[in-house]
Amino acid sequence: MEKMNVRMEDIVRAHHTLKEVIVRTPLQRDPNLSAKYDCNVYLKREDLQIVRSFKIRGAYNKIRHLQPDELERGIVCASAGNHAQGVAYSCQALRIQGTIVMPSTTPSQKVTQVKRFGGTYVNVVLTGDTFDDAYDAAMKICEENGMTFIHPFDDPYIVAGNGTVGMEIMESLDASADMVFVTIGGGGLVAGVSTYMKTVSPETRIIGVEPEGAASMTEAIARKEVVTLEQIDKFVDGAAVKRVGKLPYEVCTELLDDIVKVPEGKACTTILQLYNENAIVVEPAGSLPVAALDLYRDQIRGKTVVCVISGGNNDIDRMQEIKERSLIYEGLKHYFMVNFPQRAGALREFLSEVLGTNDDITRFEYIKKHNKDNGAALVGIELQDRNDYSALIERMQAKNLSYVEVNKDSVLFDLLV
């Protein structure tokens, strides 16, 4: 099989192709982040792209380069999110028929967006529970109808289209960036950005950023081959990929300077901070490069740093979960299974003698519905300061309470919280 390859010239050609359809998103110096890290932090705002993510770049570039007979037979993609929207928009823009296969579990808001972008030019098929189910169904449709599959990341035209993000960054800066942080899911974005930037500015360091629970590129590079992770944390849905693309892997092996893993809880904290302090709505995958700045605090001081905000398609229904994950990660939210003594007044004593002045009970639920005067209860406590945790534990132990810290038991946490 011929080795896939992407060159700078391919990205320049993609840039001319994409002028027809994309928005040239701004590169903005962020004063809050710059002050926080004592450097110049610029945000490449792909959340302001026409489909609110970078995915339109690769999808449109790929579809635009199909042969007339391929376009006539129609195209197919499998996606639960941004790639589906990029393909749908491209179908309407080019007036070609497309089939978008999405898992049945896809939130209705995302299905509605795909239908809105694609209009009468797309047919949405909902099947299975996971992306893998949708992928299998999409491949079957391709085989049965002779249609062309549009891969979300493992394709040279996709990578070249994504590389225009790097081209725009370079054209917007007066001098080369010292470091560029880019999210890694399947690897199509970081492969494109690094290909362009390393060609025109070899001294710029490219840092790939993965979610800790789905670090498939880190694993592939460690094993020196593309591998499929058995299990992943799906929370950072735009980057939670079990297996990276072969082409992105080859590019990353050659061009990436480093890869860092960001805990999902830290991504949640960053989402909330970007919204509260910068009025930016960012999806979990788009928050990763900014979250990674903390891990590079000493290395970026005094430097020019770019974070690619890959997308802003965040479902408002997830905000409560995002806040919860953030509080737990920051050590401000703790859950306990407390077995209260079998006597009257035990709960009153817990409230008056165990809870701190600034502690707040956010959840209280008896596990046994009968005998609510005593017995085991799930108790959620929110602290004002993470340093108050030790004192809370000391007071519980001083009262000789029997308890289990649910946060520290992943099985129990998943069952109860």
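My aim in this report is to walk through the structure given alongside it, one point at a time.

Reading guide: rules and limits
Residues numbered from 1 in each chain as written. Predicted model: local features only at pLDDT ≥ 70, side-chain atom pairs only at ≥ 80, totals over all residues. Heavy atoms only, no water. Helix = DSSP H or I, 4+ residues; strand = E, 2+ residues; numbered from the N terminus. Rg over C-alpha atoms; globule rule 2.2 N^0.38 Å. Buried < 20%, exposed > 50% of the residue type's maximum accessible area, 1.4 Å probe, protein only. Pairing = 2+ DSSP bridges. Contact = heavy atoms within 4.5 Å. Axes fitted to C-alpha atoms, helices over the stretch in contact; angles between N-to-C directions. Right-handed = clockwise from strand over helix to strand, strands pointing away. Phe/Tyr/Trp six-rings, centres within 6.5 Å; stacked < 30°, edge-to-face > 60°. Lys NZ or Arg CZ within 6 Å of the ring centre and 35° of its normal. 1 Å grid on protein atoms, 1.4 Å probe; cavity = no way out; pocket = protein on both sides within 12 Å on 5 of 7 lines; lining within 4 Å. Points joined across faces, edges and corners; volume = space filled by probe spheres on them. Nonpolar A, V, L, I, M, F, W, Y, C, P; charged D, E, K, R; others polar. Patch = residues over 30% accessible without salt bridge, like charges linked within 9 Å, V, L, I, M, F, W, Y side chains within 5 Å. Areas by Shrake-Rupley, 256 points an atom, 1.4 Å probe, with all protein chains shown as cover. Salt bridge = Lys/Arg side-chain N within 4 Å of Asp/Glu carboxyl O. Lys, Arg positive; Asp, Glu negative; His and termini not counted. Charge placed at Lys NZ, Arg CZ, Asp CG, Glu CD. Disulfide = S-S within 2.5 Å.

Quick look at the overall build of the protein
Thinking step 1. Secondary structure summary: the protein contains 18 helices and 14 strands in total.
Thinking step 2. The globule rule puts the C-alpha radius of gyration for 417 residues at 22 Å, and the 24 Å found for the protein is close to it.
Thinking step 3. With respect to the principal axes defined by its C-alpha atoms, the protein has extents near 80 × 55 × 40 Å.
Thinking step 4. When each of the 417 residues of the protein is scored for burial, the buried share is 54%.

What to know about the sheet that holds strand S3 (residues 75-78)
Thinking step 1. The four strands are arranged S5-S4-S3-S6 in an open sheet whose pairing can be described as parallel. The open sheet has two edge strands, strand S5 (122-126) and strand S6 (148-149), and neither has a second partner.
Thinking step 2. Where S3 and S6 come together, two bridges link them in parallel fashion. Bridge pairing in S6 places Val 76 opposite Phe 149.
Thinking step 3. Its contacts with the sheet place helix H7 (residues 131-145) against S3, strand S4 (98-102) and S6, and it is angled at close to 165 degrees to S3.

Looking at the pairing of strand S7 (residues 179-183)
Thinking step 1. With five of five residues buried, S7 is to be regarded as a mostly interior element.
Thinking step 2. Judged by which residues are buried, S7 turns out to be covered on both faces: Met 179, Phe 181 and Thr 183 on one side and Val 180 and Val 182 on the other are all buried.
Thinking step 3. Pairing of S7 with strand S8 (residues 205-211), which is carried by five bridges, proceeds in the parallel orientation. Looking at S8, one finds that Met 179 is bridged to Arg 205.
Thinking step 4. Crossover connection from S7 via helix H9 (residues 188-200) to parallel S8: handedness right-handed.

Describing the packing of aromatic side chains
Thinking step 1. Scanning all chains against the criterion turns up eight aromatic pairs.
Thinking step 2. Relative to Phe 413, the ring of Tyr 335 has its centre 6.2 Å away and its plane inclined at 75 degrees; by these criteria the two rings are edge-to-face. One end of the pair, Tyr 335, is in strand S11 (residues 333-340); the other, Phe 413, is in helix H18 (residues 410-416), with 78 residues separating them in the sequence.
Thinking step 3. These aromatic residues form a ring-pair network of at least three members: Phe 340, Phe 350, Phe 364 and Tyr 366.
Thinking step 4. Here Arg 116 stacks its cationic end above the ring of Phe 117, 4.6 Å away from the centre of that ring.
Thinking step 5. The ring of Phe 235 carries Arg 318 above its face, with NZ or CZ at 4.6 Å from the centroid.

Some thoughts on the layout of surface pockets
Thinking step 1. Taken as a whole, the second largest pocket spans an internal volume of roughly 560 Å³.
Thinking step 2. Secondary structure elements with two or more residues in the lining of the second largest pocket: helix H12 (264-278), helix H15 (319-329) and H18.
Thinking step 3. Ranked by residues supplied to the lining of the second largest pocket, first place goes to H15 with five residues.
Thinking step 4. Residue classes in the lining of the second largest pocket are distributed as six nonpolar, four polar and seven charged.

Focus: empty space enclosed by the protein
Thinking step 1. The full count for this structure, using the stated rule, is one cavity of 30 Å³ or more.
Thinking step 2. Its volume calculated, the largest cavity comes out at about 60 Å³.
Thinking step 3. Taken together, Phe 340, Pro 341, Arg 343, Ala 346, Glu 349, Phe 350, Val 354, Lys 399 and Leu 401 form the lining of the largest cavity.
Thinking step 4. With four residues, the top contributor of residues to the lining of the largest cavity is helix H16 (residues 346-354).
Thinking step 5. Residue composition of the lining of the largest cavity, by class: six nonpolar, no polar and three charged.

Some points on a negative patch on the surface
Thinking step 1. On the surface, a cluster of negative charge is contributed by Asp 129, Asp 132, Asp 133 and Asp 136.
Thinking step 2. In this structure, Asp 129 sits in the loop between S5 and H7.
Thinking step 3. Using a relative accessible area of 56% as the deciding quantity, one classes Asp 129 as exposed.

Details of the sheet that holds S8
Thinking step 1. Spatially, six strands are ordered S1-S2-S10-S7-S8-S9 in an open sheet, and the strand pairing comes out mixed. The open sheet has two free edges, formed respectively by strand S1 (27-29) and strand S9 (258-262), since each of these has just one partner strand. Each strand of the sheet is rotated relative to its neighbour by a mean of 25 degrees, with strand direction disregarded.
Thinking step 2. Pairing between strand S2 (residues 40-45) and strand S10 (residues 304-309): six bridges, direction parallel. Bridged to Asn 40 within S10 is Thr 304.
Thinking step 3. Each of S8 and S9 is contacted by helix H10 (residues 216-223), which is oriented at about 135 degrees to S9, the strand it contacts most.

Overview of the pattern of salt bridges
Thinking step 1. By the definition in use, this model includes 27 salt bridges.
Thinking step 2. We note a salt bridge from Lys 198 to Asp 257, for which the minimum N-O separation is 2.8 Å. Of the two residues, Lys 198 is situated in helix H9 and Asp 257 in the loop between helix H11 (246-255) and S9; the sequence distance between them amounts to 59 residues.
Thinking step 3. A relative accessible area of 15% means that Lys 198 is categorised as buried.
Thinking step 4. Residue classification places Asp 257 among the partly exposed residues on the basis of a relative accessible area of 34%.
Thinking step 5. The partner of Glu 349 in a salt bridge is Lys 399, and the shortest N-O contact between them spans 3.0 Å. Of the two residues, Glu 349 is situated in helix H16 and Lys 399 in the loop between helix H17 (389-398) and strand S14 (402-405); the sequence distance between them amounts to 50 residues.
Thinking step 6. Overall, the relative accessible area of 22% leaves Glu 349 in the partly exposed class.
Thinking step 7. Through salt bridges with shared partners, a single network forms among Arg 7, Glu 9, Asp 10 and Arg 13.

Structural notes on the state of the cysteines
Thinking step 1. All chains considered together, the criterion is met by zero disulfides.
Thinking step 2. As a non-bridged cysteine, Cys 142 has Cys 77 as the owner of its nearest cysteine sulfur, 9.6 Å distant.
Thinking step 3. Looking at Cys 268, it has no disulfide partner, and the nearest cysteine sulfur is the one in Cys 307, 17 Å off.
Thinking step 4. Accessibility expressed as a relative area gives 0% for Cys 268, which makes it buried.

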